[in-house]
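Residue-level structural notes
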Amino acid sequence: MVDTCVGKTRLRLLQGDITQQDTEAIVNAANSSLMGGGGVDGAIHRAGGPQILEECKEIVARQGRLPTGEAVITGGGRLPARYVIHTVGPIWQDGRHGEPELLRNAYYNSLALAKKHGIRSLSFPSISTGAYRFPIDQAARIALTAVRDFLQEHEFAEVRFVLFSEKDLRVYEEAWEEVSSS
Ligand code: APR
């Protein structure tokens, strides 16, 4: 577990289930269709209920599929969180198809959208490191660097990384050791 500050923002790395987090918003590792899926996406739609999918359908009807690295926002339905920010991480190929930059964009655009909506606290999952097979040690460094950089310019009350397994939490803790001292 890491519990520290970046500027005036509390930054926490913890093991848990993102659908149970009481931050104002949680971030969903969605796919471009926004029609739900497995992993985090499936868990959030299951816990949040059908209203989230209804709002996603309206967004897709209005603006089409969500490009990789972009983010949109819906209500939280039955979740403790008031909002869900849906973003699409890159599918890992070989690291030479813009995956690092697209992953950074997913974090950065989620933070920017939260800021735009006056959201004070949000929780991230480990985007792209499940079905999208992004190597987690690289993804953790990209994620934590993106968040650290954003928090140097903007302030939240709290940003959380919610890792599903102890193993993933340890990878993020090691990555934070490096990122926070670089
Ligand atoms: N809370 C926190 N983290 C979770 C949870 C949960 N309830 N469930 C899964 N995770 C973790 C996984 O262990 C993994 O480390 O989230 C991370 C991201 O894994 P995925 O959910 O598979 O997301 P991703 O790799 O970005 O793939 C996205 O999978 O579910 C589909 O619709 C989704 O097509 C999209 C793709």
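Thresholds applied
- Residues numbered from 1 in each chain as written.
- Predicted model: local features only at pLDDT ≥ 70, side-chain atom pairs only at ≥ 80, totals over all residues.
- Heavy atoms only, no water.
- Axes fitted to C-alpha atoms, helices over the stretch in contact; angles between N-to-C directions.
- Helix = DSSP H or I, 4+ residues; strand = E, 2+ residues; numbered from the N terminus.
- Contact = heavy atoms within 4.5 Å.
- Nonpolar A, V, L, I, M, F, W, Y, C, P; charged D, E, K, R; others polar.
- Phe/Tyr/Trp six-rings, centres within 6.5 Å; stacked < 30°, edge-to-face > 60°.
- Lys NZ or Arg CZ within 6 Å of the ring centre and 35° of its normal.
- Salt bridge = Lys/Arg side-chain N within 4 Å of Asp/Glu carboxyl O.
- Buried < 20%, exposed > 50% of the residue type's maximum accessible area, 1.4 Å probe, protein only.
- Core = buried A, V, L, I, M, F, W, Y, C linked by side-chain atoms within 4.5 Å.
- Near = heavy atom within 4 Å.
- Polar contact = N/O pair within 3.5 Å; in protein donor to acceptor, adjacent residues only side chain to side chain.
- Areas by Shrake-Rupley, 256 points an atom, 1.4 Å probe, with all protein chains shown as cover.

On to the packing of helix α1 (residues 39-48) against helix α2 (residues 50-63). Contact geometry of α1 with α2 gives a least axis separation of 6 Å together with a crossing angle of 115°. When α1 is examined against α2, the residues Ile 44, His 45 and Gly 48 are found in contact with a partner set consisting of Pro 50, Ile 52, Leu 53 and Cys 56. Residues belonging to the contact of α1 with α2 are distributed by class as follows: five nonpolar, two polar and no charged.

Another point: the packing of aromatic side chains. Within this structure, the stated rule accounts for seven aromatic pairs. Ring-pair connections join several aromatic residues into one group, and the members of that group are Tyr 107, Phe 124, Phe 161 and Tyr 172. Over the ring of Phe 156 we find Lys 115; its NZ or CZ atom is 4.6 Å from the centre of that ring.

What follows covers the pattern of salt bridges. Scanning the model with the defined rule gives twelve salt bridges in all. For the salt bridge of Asp 3 with Arg 10, the shortest nitrogen-to-oxygen distance reads 2.6 Å. Arg 10 sits in the partly exposed class, given a relative accessible area of 33%. Its salt-bridge partner being Glu 158, residue Arg 12 comes within 3.2 Å of it at the nearest N-O pair. Here Arg 12 is found in strand β2 (residues 9-15), whereas its partner Glu 158 is found in strand β7 (residues 158-163), with 146 residues between them in sequence. What makes Arg 12 buried here is its relative accessible area of 15%. Taking relative accessible area as the criterion, Glu 158 reaches 10% and is therefore assigned buried. When salt bridges with common partners are traced through the structure, they connect Arg 12, Asp 22, Glu 158 and Arg 160 into a single cluster.

So, about the nonpolar core. Of all hydrophobic cores here, the largest spans 41 residues; its most connected members are Tyr 107, Phe 124, Phe 161 and Tyr 172. With ten residues, helix α4 (residues 136-153) is the largest single contributor of residues to this core. Leave out the neighbours within four places in its chain, and Tyr 172 touches Leu 13, Tyr 107, Ser 126, Ile 136, Ala 139, Ala 140, Ala 143, Leu 144, Phe 161 and Leu 163. Core analysis: the next-biggest nonpolar cluster, separate from the first, contains 16 residues, Leu 14, Cys 56, Leu 79 and Val 162 among them.

Here the focus is the site of the ligand. Surrounding the ligand, one finds 22 residues, the nearest of these being Asn 31, Val 40, Asp 41, Gly 130 and Ala 131. In this structure, Val 40 approaches the ligand through a main-chain N or O atom, which is 2.8 Å from an oxygen atom. In the model, an oxygen atom of the ligand is placed 2.7 Å from a nitrogen or oxygen of the Asp 41 side chain. If the ligand stood free it would expose 700 Å²; the protein chains cover 88% of that surface. Of all elements in the fold, only β3 (25-30) and α1 reach the threshold of two or more residues within the shell around the ligand. Counting residues per element, the shell around the ligand draws most heavily on α1, at four residues. Residue composition of the shell around the ligand, grouped by class: nine nonpolar, ten polar and three charged.

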